[in-house]
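Here's the letter readout for the chains.
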Amino acid sequence: MRQVGSVESQTLCDVFTTHRRSLIGVAERITGCRHHAEDVVQDAFLKLLGAESTSSIRAKAGYMMMVVRNLAIDHYRRKGMESRLLVAEEEGQTVSTPEAASPESVNVNRQLLQTLESALADLPERTRYAFEMHRIHGHSQKDIAATLGVSPTLVNFMIRDALIHCRKTMKRIDPLS
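Below is a summary of the structure that appears in this document. Since we're looking at a predicted model, the values are computed, not measured.

**Remarks on the environment of G62**
Relative to the helices and strands, G62 resides in helix α3 (residues 60-85). Note: C-alpha distance between G62 and V15 (47 residues apart in sequence) is 9.8 Å.

Next up, the structure:
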């Protein structure tokens, strides 16, 4: 740990040294891992050390405990989100690639795309535009409504109607879908 010359930082160092075990214990109960808890406590200390002034804080131990708790909760939430978004490397190896697709599956997929294209062509132009802009190009319904000069509610209904039409068309050619 580095030594800091100012009195207020030294006081913070004393508080940190005195309560380090309990701070790690709080963080460990939240994160579920001692190593992560130690990282959280160190981050909290560095955050407080870098703060402009800690001399106005009366209960430095309580304040440090609160900072550790909040950082541990943030860490726990971030890990949870990462685990939901990221998958194991082994799972990624089972994803088929276009090069590995059989000629038969390529042909079937082309036919499905042609059927879907035909279904979209059957729609009124405004409905097709709203559907394509929202579902394919990712535009918001509000932006589409402004472009078409209609309400966002009407855009929502147009997108819904287009989706229902496409699903019905696809079910006619493949009853299992």
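**A word on a nonpolar patch on the surface**
A surface patch of nonpolar side chains, about 340 Å² in accessible area, is lined by M81, L85 and L86. Among the secondary structure elements, L85 is positioned in helix α3.

**Let's talk about helix α6 (residues 125-136)**
Between its terminal C-alpha atoms α6 stretches 15 Å, which fits the 16 Å expected from 12 residues at 1.5 Å a residue. Burial in α6 covers these residues: T127, A130, F131 and M133. Here the buried face of α6 lies against α5 (103-122), α7 (141-148) and α8 (152-173).

**A word on the packing of helix α2 (residues 34-49) against α3**
Taken N-terminus to C-terminus, the directions of α2 and α3 make an angle of 130°; their axes are 9 Å apart at the nearest point. The angle between α2 and α3 places the two elements in the oblique class. Crossing of α2 over α3 shows right-handed handedness. For the pair α2 and α3, contact is made by H36, V40, V41, D43, A44, F45, K47 and L48 and by Y63, M64, V67, V68, L71, A72, H75 and K79, respectively. Its residues placed into classes, the contact of α2 with α3 shows 11 nonpolar, 2 polar and 3 charged.

Thresholds, definitions, all that
Residues numbered from 1 in each chain as written. Predicted model: local features only at pLDDT ≥ 70, side-chain atom pairs only at ≥ 80, totals over all residues. Heavy atoms only, no water. Helix = DSSP H or I, 4+ residues; strand = E, 2+ residues; numbered from the N terminus. Patch = residues over 30% accessible without salt bridge, like charges linked within 9 Å, V, L, I, M, F, W, Y side chains within 5 Å. Areas by Shrake-Rupley, 256 points an atom, 1.4 Å probe, with all protein chains shown as cover. Salt bridge = Lys/Arg side-chain N within 4 Å of Asp/Glu carboxyl O. Expected span 1.5 Å × (residues − 1). Buried < 20%, exposed > 50% of the residue type's maximum accessible area, 1.4 Å probe, protein only. Contact = heavy atoms within 4.5 Å. Axes fitted to C-alpha atoms, helices over the stretch in contact; angles between N-to-C directions. Parallel < 35°, antiparallel > 145°, perpendicular 65-115°, else oblique. Left-handed = near helix turned anticlockwise from the far one by under 90°. Nonpolar A, V, L, I, M, F, W, Y, C, P; charged D, E, K, R; others polar.

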